[in-house]
Amino acid sequence: EPEVTQTPSHQVTQMGQEVILRCVPISNHLYFYWYRQILGQKVEFLVSFYNNEISEKSEIFDDQFSVERPDGSNFTLKIRSTKLEDSAMYFCASRVSNTEAFFGQGTRLTVV
Amino acid sequence: SQQGEEDPQALSIQEGENATMNCSYKTSINNLQWYRQNSGRGLVHLILIRSNEREKHSGRLRVTLDTSKKSSSLLITASRAADTASYFCATDATRDDKIIFGKGTRLHILP
(Lines give C-alpha, C1' and ligand atoms only; values in the text may rest on other atoms or scores of the structure.)
Protein backbone atom coordinates (compact mmCIF):
# COMPACT_ATOMS: atom_id res chain seq x y z
CA GLU A 1 0.00 0.00 0.00
CA PRO A 2 1.44 3.40 -0.94
CA GLU A 3 2.47 5.57 1.96
CA VAL A 4 3.94 8.96 2.75
CA THR A 5 7.49 8.66 3.99
CA GLN A 6 9.37 11.20 6.05
CA THR A 7 13.04 11.48 6.88
CA PRO A 8 14.69 11.71 9.26
CA SER A 9 12.51 10.25 11.99
CA HIS A 10 14.35 12.30 14.60
CA GLN A 11 16.47 15.42 14.14
CA VAL A 12 18.36 17.22 16.87
CA THR A 13 19.69 20.65 16.01
CA GLN A 14 21.20 23.61 17.75
CA MET A 15 19.23 26.79 18.09
CA GLY A 16 19.88 29.09 15.13
CA GLN A 17 20.74 26.27 12.74
CA GLU A 18 18.85 25.52 9.56
CA VAL A 19 17.00 22.24 9.20
CA ILE A 20 15.38 20.57 6.23
CA LEU A 21 12.68 18.01 6.78
CA ARG A 22 12.00 15.70 3.90
CA CYS A 23 8.88 13.99 2.69
CA VAL A 24 8.03 11.74 -0.21
CA PRO A 25 4.29 12.02 -0.85
CA ILE A 26 2.23 9.33 -2.55
CA SER A 27 3.07 9.45 -6.23
CA ASN A 28 -0.26 10.36 -7.84
CA HIS A 29 -1.23 12.88 -5.19
CA LEU A 30 -1.51 16.55 -6.07
CA TYR A 31 -1.95 18.34 -2.75
CA PHE A 32 0.75 18.45 -0.11
CA TYR A 33 0.76 19.67 3.47
CA TRP A 34 2.94 20.23 6.50
CA TYR A 35 1.59 20.13 10.03
CA ARG A 36 3.25 20.28 13.39
CA GLN A 37 2.35 18.94 16.79
CA ILE A 38 4.02 20.20 19.92
CA LEU A 39 4.20 17.40 22.47
CA GLY A 40 0.80 16.68 23.95
CA GLN A 41 -0.90 19.41 22.00
CA LYS A 42 -3.07 19.72 18.94
CA VAL A 43 -2.09 19.14 15.33
CA GLU A 44 -1.49 22.56 13.77
CA PHE A 45 -1.69 23.37 10.08
CA LEU A 46 1.40 25.04 8.65
CA VAL A 47 1.09 25.15 4.87
CA SER A 48 -0.56 23.60 1.84
CA PHE A 49 1.05 23.30 -1.57
CA TYR A 50 -0.53 22.69 -4.95
CA ASN A 51 0.62 23.13 -8.52
CA ASN A 52 4.12 24.10 -7.38
CA GLU A 53 3.04 26.92 -5.17
CA ILE A 54 1.76 27.60 -1.69
CA SER A 55 -2.04 27.64 -1.63
CA GLU A 56 -2.57 28.33 2.07
CA LYS A 57 -0.38 29.07 5.05
CA SER A 58 -0.99 29.69 8.71
CA GLU A 59 0.30 32.43 10.98
CA ILE A 60 2.90 29.98 12.26
CA PHE A 61 4.42 29.73 8.78
CA ASP A 62 6.44 32.92 8.92
CA ASP A 63 9.53 33.99 6.98
CA GLN A 64 11.63 31.40 8.79
CA PHE A 65 9.76 28.61 7.00
CA SER A 66 9.80 27.63 3.36
CA VAL A 67 8.63 24.66 1.32
CA GLU A 68 9.86 23.24 -1.91
CA ARG A 69 9.10 20.41 -4.28
CA PRO A 70 12.45 20.32 -6.02
CA ASP A 71 12.20 17.24 -8.21
CA GLY A 72 8.60 16.11 -8.55
CA SER A 73 8.85 13.52 -5.82
CA ASN A 74 10.29 15.12 -2.70
CA PHE A 75 8.51 17.78 -0.66
CA THR A 76 10.66 19.62 1.86
CA LEU A 77 10.12 21.96 4.77
CA LYS A 78 13.00 24.24 5.66
CA ILE A 79 13.33 26.15 8.88
CA ARG A 80 16.06 28.75 8.41
CA SER A 81 17.02 29.62 11.96
CA THR A 82 15.52 27.25 14.46
CA LYS A 83 14.20 28.39 17.82
CA LEU A 84 13.57 26.34 20.92
CA GLU A 85 9.84 26.64 20.34
CA ASP A 86 10.19 24.93 16.97
CA SER A 87 10.68 21.65 18.82
CA ALA A 88 7.75 19.48 17.76
CA MET A 89 6.66 16.57 15.60
CA TYR A 90 6.35 17.64 11.99
CA PHE A 91 3.97 15.72 9.76
CA CYS A 92 3.78 15.72 6.01
CA ALA A 93 0.55 14.75 4.27
CA SER A 94 -0.70 14.35 0.73
CA ARG A 95 -3.96 13.69 -1.04
CA VAL A 96 -5.44 13.44 -4.50
CA SER A 97 -7.96 16.24 -4.16
CA ASN A 98 -10.94 16.74 -1.88
CA THR A 99 -10.38 13.38 -0.23
CA GLU A 100 -8.74 11.86 2.79
CA ALA A 101 -5.20 12.95 3.51
CA PHE A 102 -2.46 10.42 4.14
CA PHE A 103 0.10 11.32 6.75
CA GLY A 104 3.68 10.28 7.22
CA GLN A 105 5.02 8.99 10.53
CA GLY A 106 6.51 12.36 11.32
CA THR A 107 9.89 13.86 12.11
CA ARG A 108 10.57 14.67 15.72
CA LEU A 109 12.55 17.91 15.75
CA THR A 110 14.40 18.78 18.93
CA VAL A 111 16.05 22.18 19.12
CA VAL A 112 18.66 22.50 21.86
CA SER B 1 -11.99 29.67 13.40
CA GLN B 2 -12.93 26.56 11.47
CA GLN B 3 -11.33 24.33 14.04
CA GLY B 4 -13.21 21.30 15.26
CA GLU B 5 -13.60 20.82 18.96
CA GLU B 6 -13.94 17.34 20.33
CA ASP B 7 -15.55 16.28 23.52
CA PRO B 8 -14.87 14.73 25.83
CA GLN B 9 -11.17 15.59 26.09
CA ALA B 10 -10.55 12.21 27.70
CA LEU B 11 -12.59 9.05 27.96
CA SER B 12 -11.95 5.81 29.83
CA ILE B 13 -14.19 2.81 29.28
CA GLN B 14 -14.11 -0.92 29.87
CA GLU B 15 -13.10 -3.22 27.05
CA GLY B 16 -16.17 -4.32 25.15
CA GLU B 17 -18.12 -1.15 25.78
CA ASN B 18 -18.93 1.41 23.10
CA ALA B 19 -17.06 4.70 22.92
CA THR B 20 -18.64 7.87 21.57
CA MET B 21 -16.71 11.01 20.74
CA ASN B 22 -18.22 14.23 19.50
CA CYS B 23 -16.90 17.04 17.35
CA SER B 24 -18.24 20.51 16.65
CA TYR B 25 -17.01 22.96 14.05
CA LYS B 26 -17.80 26.47 12.87
CA THR B 27 -17.68 26.91 9.09
CA SER B 28 -19.13 25.27 5.99
CA ILE B 29 -17.29 22.12 5.08
CA ASN B 30 -16.72 19.83 2.11
CA ASN B 31 -16.13 16.88 4.35
CA LEU B 32 -15.17 15.85 7.86
CA GLN B 33 -12.57 13.23 8.64
CA TRP B 34 -11.63 11.27 11.72
CA TYR B 35 -8.07 10.26 12.49
CA ARG B 36 -6.42 8.12 15.15
CA GLN B 37 -3.03 8.75 16.67
CA ASN B 38 -1.23 6.29 18.88
CA SER B 39 1.13 7.91 21.35
CA GLY B 40 4.01 9.58 19.57
CA ARG B 41 3.08 8.12 16.23
CA GLY B 42 1.60 9.34 12.94
CA LEU B 43 -2.01 10.10 12.12
CA VAL B 44 -4.04 7.27 10.68
CA HIS B 45 -7.06 8.10 8.61
CA LEU B 46 -10.19 6.30 9.82
CA ILE B 47 -13.16 7.57 7.90
CA LEU B 48 -14.33 10.50 5.77
CA ILE B 49 -17.90 11.72 5.61
CA ARG B 50 -18.98 14.22 2.99
CA SER B 51 -21.22 17.19 3.71
CA ASN B 52 -24.14 15.58 1.87
CA GLU B 53 -23.90 12.37 3.90
CA ARG B 54 -25.49 11.82 7.28
CA GLU B 55 -24.02 8.54 8.41
CA LYS B 56 -21.19 6.26 7.43
CA HIS B 57 -19.93 2.90 8.67
CA SER B 58 -16.57 1.20 8.49
CA GLY B 59 -16.16 -1.99 10.46
CA ARG B 60 -16.70 -1.13 14.13
CA LEU B 61 -16.78 2.59 13.37
CA ARG B 62 -19.89 4.63 12.84
CA VAL B 63 -19.74 8.32 12.01
CA THR B 64 -22.63 10.74 11.86
CA LEU B 65 -22.70 14.27 10.52
CA ASP B 66 -25.27 16.96 11.22
CA THR B 67 -24.41 19.99 9.11
CA SER B 68 -27.30 22.01 10.55
CA LYS B 69 -25.72 21.68 14.00
CA LYS B 70 -22.17 21.63 12.65
CA SER B 71 -21.41 18.52 14.59
CA SER B 72 -20.22 14.97 14.10
CA SER B 73 -19.86 11.90 16.26
CA LEU B 74 -17.61 8.88 16.11
CA LEU B 75 -18.84 5.67 17.67
CA ILE B 76 -16.50 2.74 18.23
CA THR B 77 -18.43 -0.38 19.09
CA ALA B 78 -17.15 -3.32 21.13
CA SER B 79 -13.97 -1.51 22.09
CA ARG B 80 -10.64 -3.30 22.34
CA ALA B 81 -7.40 -2.51 24.14
CA ALA B 82 -5.85 -1.67 20.76
CA ASP B 83 -8.35 1.17 20.36
CA THR B 84 -6.51 3.12 23.06
CA ALA B 85 -5.33 6.25 21.24
CA SER B 86 -6.16 9.87 20.59
CA TYR B 87 -8.93 10.55 18.11
CA PHE B 88 -9.17 13.75 16.09
CA CYS B 89 -11.83 15.17 13.89
CA ALA B 90 -10.59 17.27 11.01
CA THR B 91 -12.62 19.57 8.80
CA ASP B 92 -12.07 20.40 5.18
CA ALA B 93 -13.68 23.78 4.53
CA THR B 94 -15.32 24.84 1.31
CA ARG B 95 -13.38 28.07 1.12
CA ASP B 96 -9.79 26.99 1.38
CA ASP B 97 -7.30 24.19 0.93
CA LYS B 98 -6.45 23.01 4.40
CA ILE B 99 -7.61 20.38 6.84
CA ILE B 100 -8.00 21.72 10.33
CA PHE B 101 -7.77 19.43 13.33
CA GLY B 102 -9.57 19.60 16.62
CA LYS B 103 -7.83 19.13 19.93
CA GLY B 104 -8.66 15.44 20.11
CA THR B 105 -10.16 12.97 22.53
CA ARG B 106 -7.81 10.68 24.45
CA LEU B 107 -9.50 7.29 24.62
CA HIS B 108 -8.30 4.72 27.14
CA ILE B 109 -9.71 1.20 27.06
CA LEU B 110 -9.49 -0.53 30.41
CA PRO B 111 -8.89 -4.30 30.43
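Figured I'd write up the structure that's included with this text. Counting starts from 1 at the beginning of each chain's written sequence and moves along it residue by residue. Each chain gets a letter, beginning with A, and each ligand a number, beginning with 1, in the order they are written. Predicted model: local features are reported for residues with pLDDT of at least 70 only, side-chain atom pairs are reported and counted for 80 or more only, and whole-chain, interface and lining totals are derived from all residues. Water and hydrogen atoms were dropped before computing side-chain values, which therefore reflect all heavy atoms in the structure.

**Structural notes on the overall build of chain B**
Alright, step 1. The helix count covers DSSP runs of H or I at least four residues long, the strand count covers runs of E at least two residues long, and both are numbered beginning at the N terminus. A count of helices and strands for chain B gives 0 helices and 11 strands.
Alright, step 2. Going from N to C terminus, chain B has its helices and strands arranged as β-β-β-β-β-β-β-β-β-β-β.
Alright, step 3. Using C-alpha atoms as the atom set, the radius of gyration is obtained and then compared with a globule rule of 2.2 Å times the number of residues to the power 0.38. A compact globule built from 111 residues should have a C-alpha radius of gyration of about 13 Å, and chain B, at 13 Å, falls within 12% of that.
Alright, step 4. Oriented by its inertia axes, the alpha-carbon framework of chain B measures out at about 45 × 30 × 20 Å.
Alright, step 5. Looking at chain B as a whole, 50% of its 111 residues qualify as buried.
Alright, step 6. The contacts in chain B between residues at least 6 apart in sequence include a share of 56% that link residues at least 24 apart.
Alright, step 7. Here the accessible surface of atoms and residues is derived via Shrake-Rupley with a 1.4 Å probe, and residues count as covered only by protein chains that are part of the display. Within the structure as shown, chain B displays about 5200 Å² of accessible surface, and the carbon and sulfur contribution to it stands at 44%.
Alright, step 8. In this charge count, Lys and Arg are treated as positive and Asp and Glu as negative; neither His nor the chain ends contribute. All charge positions are set by atom: Lys at NZ, Arg at CZ, Asp at CG, Glu at CD. Considering chain B, the positive charge centre built from 15 side chains and the negative charge centre built from 12 side chains are found 2 Å apart. Burial here depends on accessible area, computed with a 1.4 Å probe over protein chains only, as a share of the maximum for the residue type. Under 20% is buried, over 50% is exposed, and the range in between is partly exposed. Contact definition: two residues touch when any of their heavy atoms are within 4.5 Å.

**What about the overall build of chain A?**
Alright, step 1. When helices and strands are counted, chain A shows 0 helices and 11 strands.
Alright, step 2. Secondary structure elements of chain A occur, N-terminal to C-terminal, as β-β-β-β-β-β-β-β-β-β-β.
Alright, step 3. Over its C-alpha atoms chain A spans a radius of gyration of 13 Å, differing by no more than 12% from the 13 Å that the globule rule assigns to 112 residues.
Alright, step 4. With respect to the principal axes defined by its C-alpha atoms, chain A has extents near 35 × 25 × 25 Å.
Alright, step 5. The buried share of chain A, taken over its 112 residues, is 46%.
Alright, step 6. Long-range pairs, those at least 24 residues apart, make up 52% of the contacts in chain A between residues at least 6 apart in sequence.
Alright, step 7. Here chain A displays about 5700 Å² of accessible surface, and carbon together with sulfur accounts for 45% of that area.
Alright, step 8. For chain A, the separation between the mean place of its 10 positive charges and that of its 14 negative charges on side chains is 3 Å.

**Some points on the pairing of strand β5 (residues 43–50) of chain B**
Residue and element names in this part refer to chain B.
Alright, step 1. Pairing between strands is defined by DSSP: at least two bridges between the two strands are required. Here 7 bridges tie strand β4 (residues 29–37) to β5, and the two strands are oriented antiparallel to one another. Bridge pairing links N31 to R50 in β5.
Alright, step 2. In textbook terms, the turn of a hairpin is the stretch between consecutive antiparallel strands, and for β4 and β5 this stretch comprises 5 residues, one of which, G40, has a positive phi near 70°.

**Thoughts on the layout of surface pockets**
Residues and elements named next belong to chain B.
Alright, step 1. Using a grid of 1 Å spacing that covers the protein atoms alone, one calls a set of points a cavity when a 1.4 Å probe fits there but cannot get out, and a pocket when the set is open and has protein on both sides within 12 Å along at least five of seven lines; lining residues are those with an atom within 4 Å of a point. Grid points are joined across faces, edges and corners, and a volume is the space filled by probe spheres set on the points. By volume, the largest pocket amounts to about 400 Å³.
Alright, step 2. Of all the secondary-structure elements, those providing two or more residues to the lining of the largest pocket are β9 (85–93) and β11 (105–110).
Alright, step 3. Only Asp, Glu, Lys and Arg are considered charged, only Ala, Val, Leu, Ile, Met, Phe, Trp, Tyr, Cys and Pro nonpolar, and every remaining residue, Gly among them, polar. In the lining of the largest pocket, the residues fall into 4 nonpolar, 11 polar and 5 charged.

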